[in-house]
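Observations on the model geometry
One letter stands for each residue in the lines below.
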Amino acid sequence: MTARSGRDAGRVVIIGGGLAGYSAAEQLRALGHEAPITLIDAEPTSYDRPPLSKRLFEDDFSVASLAFTTPERLTDLDIGTLFSRRATALDPGAASVALDDGTVVAADTVLLATGGRARTLPIPGADLPGVHVLRSFADAIGIRDAVRNDTRVVVIGAGLIGAELASSLVRRGATVTLVDPVAAPLAPAVGELMAEHLHTMHAAHGVDLVVGITAGIETADDHLTVTIDDGRMLDADVVIVGVGIIPNSSLAEDAGLDVDNGILIDSRFRTSANRVFAAGDVARHRAEDGSLRRREEHWEAAQLSGRESAYGMLGLEVPPRGAAWFWSDRHGVHLEAVGRLSGPGELIVRAGGAHPAVFLRDGGLLVGAAAIDDNNLVRAARRLIDLRVPVTPSDLADDTVSLRALLKAAR
Ligand SMILES: Cc1cc2nc3c(=O)[nH]c(=O)nc-3n(C[C@H](O)[C@H](O)[C@H](O)COP(=O)(O)OP(=O)(O)OC[C@H]3O[C@@H](n4cnc5c(N)ncnc54)[C@H](O)[C@@H]3O)c2cc1C
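Throughout what follows, the structure given in this document is the object of discussion. (Residues numbered from 1 in each chain as written. Predicted model: local features only at pLDDT ≥ 70, side-chain atom pairs only at ≥ 80, totals over all residues. Heavy atoms only, no water.)

**Quick word on the pattern of salt bridges**
We apply this condition: In the sections that follow, a salt bridge refers to a side-chain nitrogen of Lys or Arg positioned within 4 Å of a carboxyl oxygen of Asp or Glu. Counting from the N terminus, the helices are DSSP H or I runs at least four residues long and the strands are E runs at least two residues long. Three exposure classes are used, based on accessible area relative to the maximum for each residue type with a 1.4 Å probe and protein chains only: buried under 20%, partly exposed in between, and exposed over 50%.
Counting across every chain of the model gives 19 salt bridges. With a closest N to O distance of 3.5 Å, E317 and R268 form a salt bridge. Of the two residues, E317 sits in the loop between α9 (299–313) and β21 (325–330) while R268 sits in the loop between β18 (263–265) and β19 (276–278), which places them 49 residues apart along the sequence. On the basis of relative accessible area, E317 is assigned to the exposed category, the value being 63%. Residue R268 is classed as partly exposed on the basis of its relative accessible area, which comes to 26%. Taken together, the shared-partner salt bridges in this structure form one network comprising R55, E58 and D60.

In structure tokens form, the structure reads like this:
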């Protein structure tokens, strides 16, 4: 047991060397954990996923350029790795993990940080050659290799990944059609007005927008045809489906752990099995009253939950978390959003700049903000939210009022 731990985590085996798993390992060491730590991942190395949709057509796009750690750093931290190895079974009683090469890795504590896989569509033709998804480096290379100048690409799903891909594809010279069932995708994440503003940027950059539900995909001569449920037919050389993820929870499920659209964890990242914890995109918090929170599927949330799970594994108080934050890049602009921009409250728009900023105010407090190319504003908004500083609608709407000044005045 380390000086700072309230629980002897012993040998820690982390399944999933993505951001959550790696952050957990790093944080365990930062907290003084001295026993062996092993990271297992089916991929040949740990890498970052956000650049997959943003940088896939850049000349220097390589798995090495996506790495968020180095072999030297892993050695310095004394973190063992078993890359290119898939965990096939978890024995929660023994806390051991079986691998696809037949070996069994003994542990005292297991962290499941297995992330998610791209959801596919339950429609005819979803598995035809030429239909892609994007979650891994190999997926990105598959898309990159299939797209040339003038390739006709239909992207199904205009959420964060679909929208970023559409942007990267038009920049590459492809002819892009973006299909989504709703006219302003992302409204739950950034509010209706910002969602509309972002979506109209696609058309301005030459992306064809189609509102409709995809009913099927067929092969027609040398290309694919995507059928929309109102009968429209879209010809494509390449189809990319970006409709969200499914949590990789089968190891947990097969081991008898509680799973419900994610591996269920408590506030200390404990699953329903002693000695087994979970973090990152795969994990879903269950409150003490049994209610389930939404799974988080953003980069910073994965990093923080990995770090926080280290506290949980060591039996330490998990540090409190502030408002959730994410970013997205498309058509040459950088979006950031913090907190919530849907649900109860009054939506306030700050106009005047090249792009609007939006705020949600509830009970006199700021609860969410989103802005384009203005990370200072979002950073200040985040502090106002976390510190529960009262704000007025007129200050939020007025683009001459600095949020940093409001923050300073409240201190
Ligand atoms: C294309 C793309 C763009 C994104 N852009 C943004 C963005 O702009 N902003 C933002 O906030 N977020 C973005 N995200 C989301 C962010 O990258 C994820 O939230 C984050 O990667 C989640 O980290 P994780 O460690 O929980 O899961 P993952 O990154 O999925 O890592 C899980 C790891 O577990 C491994 N694994 C799974 N099962 C097994 C097994 N049985 N055995 C061994 N290994 C296993 C997998 O190989 C994988 O490496 C993006 C994601 C994608 C895919």
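And the narrative resumes.
**So, the sheet that holds strand β1 (residues 12–15)**
Inclusion rule: Strand pairing follows a simple DSSP-based rule, namely that at least 2 bridges must link the two strands. Note on definitions: angles span 0 to 180 degrees between N-to-C directions of axes, and those axes are lines fitted to C-alpha atoms, for helices only across the stretch in contact. Residue contacts are defined here by distance: any two heavy atoms, one from each residue, within 4.5 Å place the two residues in contact.
Across the sheet, which stays open at both edges, the five strands sit in the order β3-β2-β1-β7-β19 with parallel pairing between neighbours. Taken across any chain shown, the strands that pair with only one partner, and hence form the sheet edges, are β3 (79–83) and β19. Strand-to-strand, the axes of this sheet are offset by a mean angle of 20°, without reference to chain direction. Along the sheet face, helix α1 (residues 19–30) touches β1, β2 (37–41), β3 and β7 (109–112) and points at about 175° away from the line of β2.

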